[in-house]
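A closer look at the structure
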Amino acid sequence: MIARAVPPFTLRGEIAGLTGLMAEVAGLAGLVSVGSRLCLRPRGGAPAVLAEVVGFRDRIARAMAFGPLDGLGPGAAAEVPTAAGSAGLSFGGPGTLAPTDAWLGRVIDPLGAPLDGRGPLPAGRPRPVRAPPPQAASRARLGPPISLGVRAIDLFATTRRGQRLGLFAGSGIGKSTLLAMLARGAATDVTVLALVGERGRELREFLEDELDPAARARAVTVVATSDAPPLLRREAAVAAMTVAEFFRDRGRQVLLLMDSVTRYCLALREIGLSAGEPPATRGYPPSVFAELPRLLERAGPGPEGDGTGHITGLFTVLVEGDDHNEPVADAVRGILDGHVVLDRRIAEAGRYPAIDVLRSLSRAASGCLIPERAALLRRARAALATAGEMADMVRLGAYRAGTDRAVDAALTLAPRIEAVLRQDRAEGSGLDDAFAALAAALAEGGEDG
């Protein structure tokens, strides 16, 4: 006897209760799991609301919606789309995206819907948004050094293809401008911008004022603004990673810029607390620090030997109150391959980008710097450190020139190095040009430098 193909059909449960951001759905026990997508049907014929199962209590599924809960109440329908496949029936599968090359130059929401008014998006082969990172033992090694177009980073946090850096900054220090410089100047094929929890009014200003047409044409921008539900803000980060993986798997060199990991973690905190998790470190439930490495580890080199490219990731961390030891900053610093610190005092002094090069570090730089360039950086760091230590004494007139030749040389070199680090937002720079400029600045210091 041959079984006939089962046509797609819909399972229905019903909302048993609503608490805060959470809908409790009865009648689907054993048919859905964490990550399954549901359609919640408001009364009065309003459009359905997409939701995702985030947990269970007894036999009640706890689902969080991607949209507002207006019109929903006890007894409202919760539908689970069902399909027949080679492995049997599947119920309410996890979320997918279907990116193609035609997504370049487009602005989309985390569910893959266009936001730029340029018509529907072509669909490719669906990819799950909750994908594991490449196997550690079989993924490729980091590639050669890559020019990011920002001299301070190219010099003092030299980055390799497939490396992941954190950009640590407080509010109002020039973080968005730095991201735009990276999007314009990085030597990559594709840029994926993830704007997680950003102000809505800033989107067009960022895309139209900060990015030139060439940068926009090779970028895919995924946006969930600050007024979006927490599930949608969380989804913006994983959707952008999914799009970056698509281009990486096609052999492209991808630059992933995520702003910000902090707001991604805040969305995870809202979801976790709504699902009933206990708050732990500064109000963050334990699931936040479990999800963080699952996301960040997806960036980097692709699997070895199959023609895939690299995802070079720069993830901003908004440090609250300029506290660089707060929980999210600490966790991100331990996962990534280096960090770039933006300092408010440098911004207030008028030097942009306001990167504190002495506190910035690339853990992979030693594997790609030739000895001559490594020596240049050691000398520049020493000069900046010495000049910083003596700044108060010089300002008070307590130090007299000629007392210490090393200090005199550092005080001479430091302004020249600072001039190299100063870069206009529209000024381009290459990796070789940056090291040539630093070598020229240090050469002006003479033999005593």
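All figures in this text were calculated on a predicted structure; none of them were measured in a lab. (Residues numbered from 1 in each chain as written. Predicted model: local features only at pLDDT ≥ 70, side-chain atom pairs only at ≥ 80, totals over all residues. Heavy atoms only, no water.)

What follows deals with the nonpolar core. In this structure, Ile 153, Phe 156, Leu 182, Ile 355 and Ile 417 are the most contacted members of the largest nonpolar core, which totals 59 residues. Ranked by the residues each element gives to this core, the list is headed by helix H10 (residues 371-396), at seven residues. Those residues in contact with Ile 417 that lie beyond four places of it in its chain are Phe 156, Ala 380, Ala 383, Leu 384, Leu 438 and Leu 442. Within the second largest apolar cluster, 53 residues are counted, among which are Met 64, Trp 103, Ala 228 and Val 328. (Core = buried A, V, L, I, M, F, W, Y, C linked by side-chain atoms within 4.5 Å. Buried < 20%, exposed > 50% of the residue type's maximum accessible area, 1.4 Å probe, protein only. Helix = DSSP H or I, 4+ residues; strand = E, 2+ residues; numbered from the N terminus. Contact = heavy atoms within 4.5 Å.)

Looking now at the packing of helix H5 (residues 230-249) against helix H6 (residues 261-274). At their nearest, the axes of H5 and H6 sit 8 Å apart, and the two run at 140° to each other. Of the possible angle classes, the one that applies to H5 and H6 is oblique. Read as a crossing pair, H5 and H6 show a hand that is left-handed. Of H6, the residues touching H5 (which contributes Pro 230, Leu 231, Arg 233, Arg 234 and Ala 237) are Tyr 264, Ala 267, Leu 268, Glu 270 and Ile 271. In terms of residue class, the contact of H5 with H6 is built from seven nonpolar, no polar and three charged. (Axes fitted to C-alpha atoms, helices over the stretch in contact; angles between N-to-C directions. Parallel < 35°, antiparallel > 145°, perpendicular 65-115°, else oblique. Left-handed = near helix turned anticlockwise from the far one by under 90°. Nonpolar A, V, L, I, M, F, W, Y, C, P; charged D, E, K, R; others polar.)

Within this structure, the stated rule accounts for two aromatic pairs. Considering the side-chain rings of Phe 246 and Phe 247, the 4.9 Å spacing of their centres and the 75° angle between planes classify their relative orientation as edge-to-face. Residue Phe 246 is classed as buried on the basis of its relative accessible area of 11%. Relative to Phe 289, the ring of Tyr 284 has its centre 5.9 Å away and its plane inclined at 70°; by these criteria the two rings are edge-to-face. For Phe 289, a relative accessible area of 28% corresponds to the partly exposed category. (Phe/Tyr/Trp six-rings, centres within 6.5 Å; stacked < 30°, edge-to-face > 60°.)

By volume, the largest pocket amounts to about 570 Å³. Around the largest pocket, the lining is made up of 21 residues, and of these Leu 384, Ala 387, Gly 388, Ala 391 and Glu 418 lie nearest the centre. At the level of secondary structure, the elements contributing two or more residues to the lining of the largest pocket comprise helix H9 (344-348), H10 and helix H11 (405-421). For the lining of the largest pocket, the element with the highest residue contribution is H10, accounting for seven residues. Here the lining of the largest pocket is composed, by residue class, of 13 nonpolar, one polar and seven charged. (1 Å grid on protein atoms, 1.4 Å probe; cavity = no way out; pocket = protein on both sides within 12 Å on 5 of 7 lines; lining within 4 Å. Points joined across faces, edges and corners; volume = space filled by probe spheres on them.)

In this section: the packing of H11 against helix H12 (residues 431-443). Interhelical geometry of H11 versus H12 gives an angle of 160° and a closest axis separation of 9 Å. The pairing of H11 with H12 is recorded here as roughly antiparallel in orientation. Note that H11 runs across H12; the crossing there is right-handed. Judged by residue contacts, Leu 413, Arg 416, Ile 417 and Val 420 of H11 engage Ala 437, Leu 438, Ala 441 and Leu 442 from H12. When its residues are assigned to classes, the contact of H11 with H12 shows seven nonpolar, no polar and one charged.

For the rest of this paragraph, the subject is the pairing of strand S15 (residues 219-225). When you tally the buried positions in S15, you get seven out of seven residues, the bulk of the element. Neither face of S15 is left uncovered, since the one carrying Ala 219, Thr 221, Val 223 and Thr 225 and the one carrying Val 220, Val 222 and Ala 224 both have all their residues buried. Pairing analysis gives two bridges linking strand S9 (residues 107-108) to S15, with the strands arranged parallel. If you follow Ile 108 over to S15, its bridge partner there is Val 222. (Pairing = 2+ DSSP bridges.)

Structural remark: α-helix, 3.6 residues per turn; residues separated by three or four positions point the same way. Along its 26 residues, H10 runs 38 Å from first to last C-alpha, staying within 8% of the 38 Å computed at 1.5 Å per residue. Within H10, the axis deviates most sharply at Met 390, by approximately 45°. Along H10, the residues that are buried comprise Ala 374, Leu 376, Leu 377, Ala 380, Ala 383, Leu 384, Ala 387 and Met 390. Turning to H10, the residues buried within the fold contact helix H1 (151-156), H11 and H12. Trailing H10 by a residue or two, Gly 397 shows a phi angle of about 75°, which is positive. (Expected span 1.5 Å × (residues − 1). Bend = angle between axes of the 7 residues up to and from the residue.)

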